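Spelled out from the first residue to the last, the chains are:
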Amino acid sequence: MNNCGMEPAQKDRTPFSDIDALSGQMSEIVLDALTEMGRHPEIQRVRQVAFETLRPAAGQRLLDAGSGSGEVARMLAARVGGTGEVLAVDHSSAVTAAAISRHDGSNVRYSTGDVAALGMPDEHVDGVWCERVLQHVDDADRTIGELVRVTRSGGRICLIDTDWGSLAFDGMPAGLGAVVMAHVSGHFTPKQHDMGRTLRRRLVAAGLRDVTATPVTCLFASPASAAVVLPMVNPRVPVEAWATPPGLRDEWLACVDAAGQSGTFLAVLTIWVVAGTKG
Ligand SMILES: C[S@@+](CC[C@H](N)C(=O)[O-])C[C@H]1O[C@@H](n2cnc3c(N)ncnc32)[C@H](O)[C@@H]1O
C-alpha cells in the first residue's frame, strides 16, 4: 500500500517504482541519487545524445514522462522558450514536491500521474522525453502506447533506458561479483533488466517511423563515480535494503573499496537512447 491507501502502480517493485512507499531514509537516498545522477558526466553524455535525437524546438509543448527532480524538464523548457511549455509528470508526490521546490521560473508544469494512464487528450504534445522510467513500470508496451497516444502526428518520442544485462565489473573477484549480482538482480535492478536494448523493437511495434537506437556505454572508473548510478557499489544503501546473506555485502564492498584504492576498479553500463516519429 502507498500512503494514499491505494495499491501501488507497479507489482515488481524497485526503489524507483513507488518512491512514496519507501522509508524516510531510502526516500532521501533516492532523491539525492536523482540529483547526483543529473550531475554525473556519463549521464550528461547520455542526455546530450538524447537532446540531439529529440531535437526540441522553440514553441513546442513537450512531455517529460517520469520527470524525477525536473532537471531535464527545465532544460527542455530552456529549448522550447517562452512560447512553448514542458509538462513534467511523475508518479511520486515526494519527487514532484522536490521538483517544484527547484523550479526556476521557466515554462514547466509539474504534476503527479501515471505515465501508463496520462490525463491528457490525444495528440496533446509535440514530443516526449522518457528517461529511465520504463524499466520500472508494469507494462512498458502499454505505457509506450499511452505516450504515442498523447503525441501529435509527426511528433517525436525519445526513450532513454538502461540495459542492466550489460553491467560488467573489473578489478574485483569475478566469482564474488557474480554471487552478489545474483542476489541483487531483480531487487536493486528491475526484473525487466534489459529494457534499454528492447526499446527499438517496442517503438517499431508501436508503429513509429524513422526509429533510431544509440547505445551509450557509460564508464565508471572509481567506486565513487559508479555509486551514483549503481546501487550495488553504494555503501550508503542501508544493509537491510541489500537482502544478501550475512557478510556478503561487506565482503563485496571491501573488495570494491580495495579496487578503488589500487586504481583498478572499473564498471561499464550501457544506456540506450531510442527515438521515433509518430505517423
Ligand atoms: C530513475 S528515476 C528517473 C527520473 C528522471 N527521468 C531522470 O532521468 O532524472 C525514475 C522516475 O520514474 C518515476 N516513475 C516510476 N514509475 C512511474 C509511473 N508509472 N508513472 C510516472 N512516473 C513513474 C519515479 O517516480 C522516478 O521519479
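Please refer to the structure placed before this passage.
Everything quoted here is computed from the prediction, not taken from an experiment.

### Observations concerning the nonpolar core
Okay, so step 1: In this structure, Leu230 and Trp252 are the most contacted members of the largest nonpolar core, which totals 56 residues.
Okay, so step 2: Of the residues forming this core, the biggest block, 6 residues, is contributed by helix H2 (residues 41–54).
Okay, so step 3: Every residue in contact with Trp252, bar those within four places of it in the chain, is listed here: Phe169, Met172, Leu176, Gly177, Val180, Met232, Val233 and Trp242.
Okay, so step 4: Judged by nonpolar contacts, the second largest core, of 27 residues, contains Leu63, Val89, Ile144 and Trp272.

### Overview of the sheet that holds strand E4 (residues 125–131)
Okay, so step 1: Strand order in this open sheet of 7 strands is E3-E2-E1-E4-E5-E7-E6, and the pairing throughout is mixed. Sheet topology places strand E3 (108–112) and strand E6 (209–220) at the edges, where each strand pairs with a single neighbour. The mean angle between the axes of side-by-side strands here comes to 15 degrees, regardless of whether they run parallel or antiparallel.
Okay, so step 2: Of the pairings in the sheet, the one linking strand E1 (residues 61–65) to E4 comprises 3 bridges and is parallel in character. When the sheet's bridge partners are listed, Leu63 is paired in E4 with Val128.
Okay, so step 3: The sheet strands contacting H2 are E4, strand E5 (151–170), E6 and strand E7 (266–277), and the helix crosses E6 at an angle near 165 degrees.
Okay, so step 4: Contacts from helix H5 (residues 140–150) reach E1, E4 and E5, with the element oriented near 150 degrees to E5.

### Quick word on the environment of Leu76
Okay, so step 1: Relative to the helices and strands, Leu76 is located in helix H3 (residues 71–80).
Okay, so step 2: Through-space distance from the C-alpha of Leu76 to that of Leu62 is 7.8 Å; in sequence the pair is 14 residues apart.
Okay, so step 3: Leaving out residues up to four positions away in the same chain, Leu76 has contacts with Phe51, Leu54, Pro56, Leu62, Asp64, Val86 and Trp129.

### Here's the deal with the site of the ligand
Okay, so step 1: Surveying the vicinity of the ligand reveals 19 residues, the closest of which are Gly66, Asp90, Asp114, Val115 and Glu131.
Okay, so step 2: Asp90 is positioned with one of its side-chain polar atoms (N or O) 2.6 Å from an oxygen atom of the ligand.
Okay, so step 3: Between the ligand and Glu131 there is a distance of 2.9 Å, counted from a nitrogen atom to a backbone nitrogen or oxygen.
Okay, so step 4: Coverage of the ligand by the protein chains reaches 98% of its 590 Å² of free accessible surface.

Cut-offs used in this document
Residue positions within a chain follow its written sequence, with the count starting from 1. Side-chain atom pairs in this predicted model are given and counted only at pLDDT of 80 or more, local residue features only at pLDDT of at least 70, and totals for whole chains, interfaces and linings cover all residues. Only hydrogens and water are removed before side-chain values are computed, so all heavy atoms of the structure are retained for them. Among buried residues, those of type Ala, Val, Leu, Ile, Met, Phe, Trp, Tyr and Cys that are joined through side-chain atoms within 4.5 Å constitute a nonpolar core. Burial here depends on accessible area, computed with a 1.4 Å probe over protein chains only, as a share of the maximum for the residue type. Under 20% is buried, over 50% is exposed, and the range in between is partly exposed. Working definition: helices are DSSP H or I runs of at least four residues, strands are E runs of at least two. Numbering for both runs from the N terminus. Every residue pair with non-hydrogen atoms within 4.5 Å of one another is taken to be in contact. Here the rule is simple: two strands pair whenever DSSP picks up at least two bridges between them. Axis definition: a line fitted to C-alpha atoms, limited for helices to the stretch in contact. Angles are taken between N-to-C directions and run from 0 to 180 degrees. The criterion for a residue being near a molecule or strand is simple. One of its heavy atoms has to lie within 4 Å of it. Under this definition, polar contacts are N or O atom pairs within 3.5 Å; protein pairs additionally need one hydrogen-donor-capable and one acceptor-capable atom, and for neighbouring residues in sequence, both atoms have to be side-chain atoms. Computed with the Shrake-Rupley method and a 1.4 Å probe, the accessible areas treat only the protein chains shown as cover for residues.

Shape descriptors only; they carry no functional weight alone.
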